[in-house]
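Geometric and topological summary
The lines below spell out each chain.
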Amino acid sequence: MANFVQQVVSGLASGGIYGLLALAIVLINRSTGVINFAQGEMATLSAFLCWTLMDHGWAFWPAFAATLFLSFGGGLLLEAVVIRPIQNGPLVGIVILTIGLLIAINGLTTWIWGGAAKQFHGPFSTAPIRVGGVAFSKQDLGVIVVAFVAVGLVAALFARTRLGLALRAVAVNPLESRLVGIRASTMLAVGWGLAAALGAVAGVMAAPSLFLEPNMMQTVLLYAFAAAVLGGMESPLGAVVGGLLLGVVLNLAGTYVHWIGGELRLAVALALILGVLLVRPSGLFGRTALRRA
Amino acid sequence: MTRNLVALAAAALTLALAGIAAASPSATPGVSSSTITIGSSGPLTGEAAAAAGVLKGADGYFKYVNARGGVNGRKIDFKFLDDGYDPSRTVNNVRQLIQQDNVFALFGVVGTNGNLAIRDFANAVGVPTVFSASGATTFGREYKKYPWTIGYLPPYSVEGQLYAKHILATNGKKAKIAVLYQADDYGKDVLAGFRKGLGAKRSLIVQTVGYDPTASDVQSQVAQLKASGANTFAIFAFGKFAIQAFVYANKLGWKPQIYVNDVASASSIMQLDPQSTAEGTISILWGKDPATPKFKKDAGTALAATIVKKYIPGGNPSDGFLIAGMAEAFSMVDALKASGKNLTRKGLMNAVTHMNEANNPFLVPGVKVHTTPTFRFPIASVQLQRWHSRHWEPFGGVQSAKP
Amino acid sequence: MKAKPIAFGLGVAVLVVLPFVLNDFRTVQLATVGAYFIAILGLDILTGHSGQISLCHGAFMAVGGYTTAILMANHNVRDLWTIPIAAGVAGGIGLLAGVPALRLSGLYLALATFGIAVVLPTILKKFEHFTGGSTGITLFGKPTQTGHGVGVWRLTNNQWLYVLTWSIGVVLFLLAWWLLGARFGRSLRAVRDSELAAAASGVNRALYKVLAFGVSAAFAGVAGALFAINVAYVSPDTFPIQLSLYLLVGAVVGFFGSIWGAVFGALLIQFLPDIVGVFPHVDTKQAGPTTFFFGLVLVVLMLVLPLLLRLASRISNRGYLGAP
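Cut-offs used in this document
Residues numbered from 1 in each chain as written. Chains lettered and ligands numbered in written order. Predicted model: local features only at pLDDT ≥ 70, side-chain atom pairs only at ≥ 80, totals over all residues. Heavy atoms only, no water. Helix = DSSP H or I, 4+ residues; strand = E, 2+ residues; numbered from the N terminus. Contact = heavy atoms within 4.5 Å. Areas by Shrake-Rupley, 256 points an atom, 1.4 Å probe, with all protein chains shown as cover. Patch = residues over 30% accessible without salt bridge, like charges linked within 9 Å, V, L, I, M, F, W, Y side chains within 5 Å. Salt bridge = Lys/Arg side-chain N within 4 Å of Asp/Glu carboxyl O. Buried < 20%, exposed > 50% of the residue type's maximum accessible area, 1.4 Å probe, protein only. Axes fitted to C-alpha atoms, helices over the stretch in contact; angles between N-to-C directions. Parallel < 35°, antiparallel > 145°, perpendicular 65-115°, else oblique. Left-handed = near helix turned anticlockwise from the far one by under 90°. Nonpolar A, V, L, I, M, F, W, Y, C, P; charged D, E, K, R; others polar. Core = buried A, V, L, I, M, F, W, Y, C linked by side-chain atoms within 4.5 Å. Pairing = 2+ DSSP bridges. Buried area = accessible area lost by both parts, 1.4 Å probe. Polar contact = N/O pair within 3.5 Å; in protein donor to acceptor, adjacent residues only side chain to side chain. Phe/Tyr/Trp six-rings, centres within 6.5 Å; stacked < 30°, edge-to-face > 60°. Lys NZ or Arg CZ within 6 Å of the ring centre and 35° of its normal. Expected span 1.5 Å × (residues − 1). Lys, Arg positive; Asp, Glu negative; His and termini not counted.

Once that is clear, we can look at the overall build of chain A. Counting its secondary structure elements, chain A contains 11 helices and 2 strands. Its C-alpha atoms give chain A principal-axis dimensions of about 60 × 50 × 35 Å. For chain A, restricting intrachain contacts to residue pairs at least 6 apart in sequence, the fraction spanning at least 24 positions comes to 74%. Accessible surface computed for chain A: about 11400 Å², of which carbon and sulfur atoms make up 68%.

Rendered as structure tokens:
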């Protein structure tokens, strides 16, 4: 029984990381209609930036703030320079472009910082807290809290601010948005910038437990996609809840179904993606979109 | 018109002949009056990129030897290609090295699966594959079928056996063992040896859990192992997964006696682990780790540091993989020297199966490189070491690691 | 258009001459190019002409490759006969995959196929009793291998592989050319361009989309079989997600899904790592720079291609996703 609870708690901790990255993916999807395959690598790059600042003596919070700014700027720049020229072209071109970004950013990170795993000291203590035979750390709690805070901020942004309204408008109908005076291209860039900043949060939260190295987020990416799909690709809350749920399901499946064990967890994530997309594409929290042909 | 056609045909014919000529091998491929060309393949990119240190270390040592005149008047041209730990790329690389670069021999090919994939081909065309960076027992065993292949590292299965024997000797009655292993041939090889070493007491193992190298973390697996109630924890894992195993054991408040495999035992990795958990961990060693106090003032590690500084830009002198590569390269140079001025592939295999090297500066004193035509495990002795106060302390003397 | 038959004729002529002009190793590299070529043809049919993005063609190649390997190693089937079987198995799986794919559009299909390609190696490793696990299956020297890895008639082994791959490649190219020009192709493109209009014109959307998946996967299966025969070895890592990504890149680079560009895409996949080595700061022995420049080239290609194609289509006065 203790092991069951432990697996659930550990699952929530890993799931928080999946949820944060999923949040970034959902944000880009919701504001620009693109699925960004490079989201994980961008998050890793941000984490490395933060690490470098701390390595030069900065304390965590200033380094983190600077990283957020830099990541936001980086996302803006990427959208303006690389995505915008082909935004209206064939879908397959955009897919390949984000994949090219995935490869290039991974290479850049390896080139600058090398492949060896580095220790990352996050803001929360990793000292274990043990309650009734179950162990977790402030770091784990911190990840989950940060994830929900992020959801709250994103939801508030979309629902309560003019910026959020403009972002949503542009995503739904760029042409008509322009007619009411919204600068569509700026909004798209802002969407990418925000997502990049969210990705930075994901990377920085993940690094203390996953260990900072260029391939840190590669597997997390697929889990994040699964979480985003599970929660509904359009729902920020769904992304985080989906992530937490996924983390727990993976742990329980891996522990109690011997056949899955430690080797088939990715397959479970895939099964979830396929199952949700085919049976209930709007996920747990999304709204079913009607397509008028 | 006809003249043009004739000219065209002549040109095509010349090209064809040139093409054929370029492809046909000289008397002994890869050997000229001034150079010996040897080739290798390893994971320069990808998940296992740390292991490529072996190739870089060897390259550094060869450059050092070349700067001192080379071997019997010839310089060593070491060509190594990236295979990203994908054995089919290893096959392609080896094909290229043999058919396009005309290498004299293959040396230090990294990875068990890669070596297995190329074994049939290399033996069919008679190209030596010597001192492969793998400890898979089969490379020393199946020499009758594959006479051109020989490994180098101490056999993984024996490593597992030694840990098992140590457990039996120190805690034979009360040990309850949990094992985390990488679910591929490497991990299974070590685990199989471990089980064999326990013999009749195999039931001391209360739980084994594997993980796929594509996993993001092994927290769940470690939690499962702790829940089995074990007091001994064997970690047969690579790089970051080994680190995570220590971290999560610490987090869960689990304090077992830990055994960690050689490939994750470099001091640089061990120092990243929570020290309260890592204290007392046991592993094996055969190559000198420069961070180990015993070898701090050692001529071999000093030489390694010089080579890293001069020939391996960006290399970390404490990187155990670099030292392993230098050790292999030292043995290779020995074998090339012994093959004499008239270098042939057969001659190299002869030298490689009659090794008796006791002075390898990169190997732990007492560990010899010894082979005979019927005993093809170049390194078959190791020493146990214990992690104490942030560094390794070898103990117990050099023991046999013969399979 | 007369240009096409002439181009085809020239292409075949070049193919015939090449192995006598190039050295042995280049010949086998071109044989590998041939396998990629066939896979890209399949992808052209699916993504180029029926508009369904597949990021898992490497997985279909894996199906073909493993079919060949298992049949050759465990069931004593001669390598040549495994090729049509591999096509059948992969094609069958493609048809099966095509049915649920009907419910997924654009990006979601890309996502689902991405997931399949990522997960397939772990599944291949898990069912090791069947697939040989991470050790893989070696085919070299086996009696079922034509030429035993040494040579056939008076051809060297590499030349034999080249002849085998490209003769099948040319045949499949002709098949694709015919299919895409006939009703099959027209129906695919109708569905791709407007499902509503296609339905209104009596085209059975579901049937053609699923068929496209099946045919496309069968092509990839042949490619995988040839790949396995070429390298004489398969393992779960032989067909990673990168392969699926590069195949898609190859298809797009080849004039955005036209079969006439497939050969360029295939050449790119094979030789891009070498091209990357030409850049000044790239030491191909270092992981970082090589990967970075590879990704950079992809990004730049994707930015530049549409411009080039717009230019080209303006010159030739046709849209770039037109008939073959």
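Read on, since the account is not over.
Time to look at a nonpolar patch on the surface. Side chains of M1, F4, V5, Y256, V257 and W259 of chain A together with F127 and F130 of chain C sit close together on the surface and give an oily, nonpolar patch of about 870 Å² of accessible area. In this structure, V5 of chain A sits in helix 1 (residues 2–32).

What follows is about the environment of E41 of chain A. Residues and elements named next belong to chain A. Considering the arrangement of structural elements, one finds E41 in helix 2 (residues 39–55). On the accessibility criterion, E41 (3% relative accessible area) is buried. It is 19 Å that separates the C-alpha atoms of E41 and V240, two residues lying 199 residues apart in sequence. Non-local contacts of E41, meaning those with residues more than four positions away in its chain, are made with L102, I105, N106, P214 and Q218.

On to the environment of I96 of chain A. Within the fold, I96 of chain A resides in helix 4 (residues 91–113). Sequence separation between I96 of chain A and W192 of chain A is 96 residues, and the spatial gap between their C-alpha atoms is 17 Å. When near neighbours in sequence (up to four residues on either side) are disregarded, I96 of chain A contacts L248, V249, V252 and M302 of chain C.

Glancing now at the pattern of salt bridges. Pairing is possible between side chains of opposite charge, provided their charged atoms come close. Within the structure shown, the criterion is met by 11 salt bridges over all chains. A salt bridge links D140 of chain A to K251 of chain B, with the nearest nitrogen and oxygen atoms 2.6 Å apart. With D140 of chain A in helix 5 (residues 138–160) and K251 of chain B in helix 9 (residues 239–251), this residue pair bridges two chains. The class for D140 of chain A is buried, based on a relative accessible area of 9%.

Let us now look at the packing of helix 2 (residues 53–67) of chain B against helix 13 (residues 320–338) of chain B. Residue and element names in this part refer to chain B. It is at 6 Å that the axes of helix 2 and helix 13 come closest, and there the two elements cross at 50°. Relative to helix 13, the element helix 2 lies oblique. As helix 2 runs across helix 13, the sense of the crossing is right-handed. Of the residues in helix 13, those in contact with G53, V54, K56, G57, A58, Y61, F62 and V65 of helix 2 are F321, L322, A324, G325, M326, E328, A329, F330, M332 and V333. For the contact of helix 2 with helix 13, the residue count by class is 13 nonpolar, 3 polar and 2 charged.

A few words on the nonpolar core. The biggest cluster of nonpolar side chains holds 224 residues, and the ones touching the most others in it are F37, F120 and F225 of chain A, L106 of chain B together with L55, M61 and L247 of chain C. Once you skip the residues sitting within four places of it in the chain, L247 of chain C turns out to touch Y36, A39, I40, L43, H57, G58, M61 and I269 of chain C. Core analysis: the next-biggest nonpolar cluster, separate from the first, contains 88 residues, I36, F131, F295 and I379 of chain B among them.

A few words now on the sheet that holds strand 4 (residues 129–130) of chain B. Backbone-to-backbone hydrogen bonds join strands into a sheet, with any given pair of strands oriented parallel or antiparallel. Residues and elements named next belong to chain B. Here we have 4 strands laid out as an open sheet, ordered 2-1-3-4, and parallel in their pairing. In this open sheet, the two edge strands, each paired with only one partner strand, are strand 2 (75–82) and strand 4. Across 2 bridges, the pairing between strand 1 (residues 35–42) and strand 3 (residues 105–107) is parallel. From the neighbouring strand, I38 faces strand 3, where its bridge partner is A105.

All names here are of chain B. Pairing geometry for strand 12 (residues 381–388) and strand 13 (residues 391–400), over 8 bridges, is antiparallel. Its bridge partner being in strand 13, S381 is matched across the sheet by S400. Linkage of strand 12 to strand 13, two consecutive antiparallel strands, is achieved through a turn of 2 residues, within which S389 is found at a positive phi near 50°.

Further remarks concern the interface of chain B and chain A. In this assembly, 27 residues from chain B lie in contact with 31 residues from chain A. Summing the contributions of chain B and of chain A, the shared interface buries around 2200 Å²; its carbon and sulfur component is 49%. Joining chain B to chain A, the criterion identifies 2 salt bridges. Ionic pairing is found between E213 of chain A and K240 of chain B, a salt bridge with its closest N-O pair at 2.9 Å. Taken together, chain B and chain A are joined by 6 residue pairs in polar contact (both at pLDDT 80 or more). Classifying every residue of the side of chain B that touches chain A gives 10 nonpolar, 11 polar and 6 charged.

What follows concerns the environment of V222 of chain C. Residue and element names in this part refer to chain C. With respect to the secondary-structure elements, V222 resides in helix 10 (residues 205–231). Looking at V222, the relative accessible area reads 8%, which means it is buried. Sequence spacing of V222 and A39 is 183 residues, and the spatial spacing of their C-alpha atoms is 7.8 Å. In this structure, V222 is in contact with I38, I83, A87, I168 and L172, ignoring residues within four places of it in sequence.

How two aromatic rings sit relative to each other is set out by the distance from centre to centre and by the angle between their planes. Using the criterion set out here, one finds 43 aromatic pairs over all chains in the structure. Plain terms: the ring middles of F48 of chain A and W113 of chain A are 4.8 Å apart, the flat faces sit at 25° to each other, and that makes the pair stacked. Residue F48 of chain A is located in helix 2, and its partner W113 of chain A is located in helix 4; the two are separated by 65 residues in the primary sequence. Judged by its relative accessible area of 0%, F48 of chain A falls in the buried class. On the basis of relative accessibility, which here comes to 15%, the residue W113 of chain A falls in the buried class. When the centroid spacing of 5.2 Å and the interplanar angle of 40° are considered together, the rings of F78 of chain B and F80 of chain B count as tilted. Ring-pair connections join several aromatic residues into one group, and the members of that group are F8, F37, W166, F173, W177 and W260 of chain C. The ring of F395 of chain B carries the charged tip of R386 of chain B above its face, separated from the ring centre by 4.4 Å. The side chain of K402 of chain B reaches across the aromatic face of F375 of chain B, ending 5.6 Å from its centre.

Now for the interface of chain A and chain C. With 45 residues of chain A at the contact, the number on the chain C side is 45 residues. Carbon and sulfur atoms supply 87% of the area buried between chain A and chain C, which totals about 3800 Å² over both sides. Summed over the three residues of chain A that lose the most area to chain C, namely I96, W111 and L278 of chain A, the buried surface amounts to 17% of that side. Taken together, the links from chain A to chain C amount to 0 salt bridges. Where chain A packs against chain C, one counts 2 residue pairs in polar contact (both at pLDDT 80 or more). Contributing elements (two or more residues each) for the side of chain A that touches chain C: helix 3 (60–83), helix 4, helix 9 (218–231) and helix 11 (265–279) of chain A.

Here helix 4 (residues 79–101) of chain C spans 32 Å end to end across 23 residues, near enough to the 33 Å set by a 1.5 Å rise per residue. Buried residues in helix 4 of chain C make contact with helix 3 (57–74), helix 5 (106–126), helix 7 (157–181) and helix 10 of chain C.

Residues and elements named next belong to chain B. Within the secondary structure layout, E357 lies in strand 10 (residues 356–357). Although E357 lies buried, it forms no salt bridge, and the closest oppositely charged side chain, K337, sits 8.9 Å away as judged by the N-O distance. When sequence neighbours within four positions are dropped, the list of residues in contact with E357 reads F330, S331, D334, K368 and V369.

Time to look at the side chain of N360 of chain B. Residues and elements named next belong to chain B. Tracing the chain through its elements places N360 in the loop between strand 10 and strand 11 (369–370). A relative accessible area of 6% places N360 in the buried class. Here the side chain of N360 touches A327 through a polar contact of 3.1 Å, landing on its backbone oxygen. Within polar-contact distance, the side chain of N360 engages the side chain of S331 at 3.4 Å. Beyond its immediate stretch of four places on either side in the chain, N360 contacts Y152, A327, F330 and S331.

On to unusual backbone geometry, then. Residue and element names in this part refer to chain B. Located in the positive-phi region is S389, a residue other than glycine, with phi close to 50°. Following the sequence through the fold, S389 ends up in the loop between strand 12 and strand 13. Classification of S389 by relative accessible area gives partly exposed; the value is 41%. Phi is positive for R390, which is not a glycine, with a value near 70°. Structurally, R390 is set in the loop between strand 12 and strand 13. Classification of R390 as partly exposed rests on a relative accessible area of 44%.

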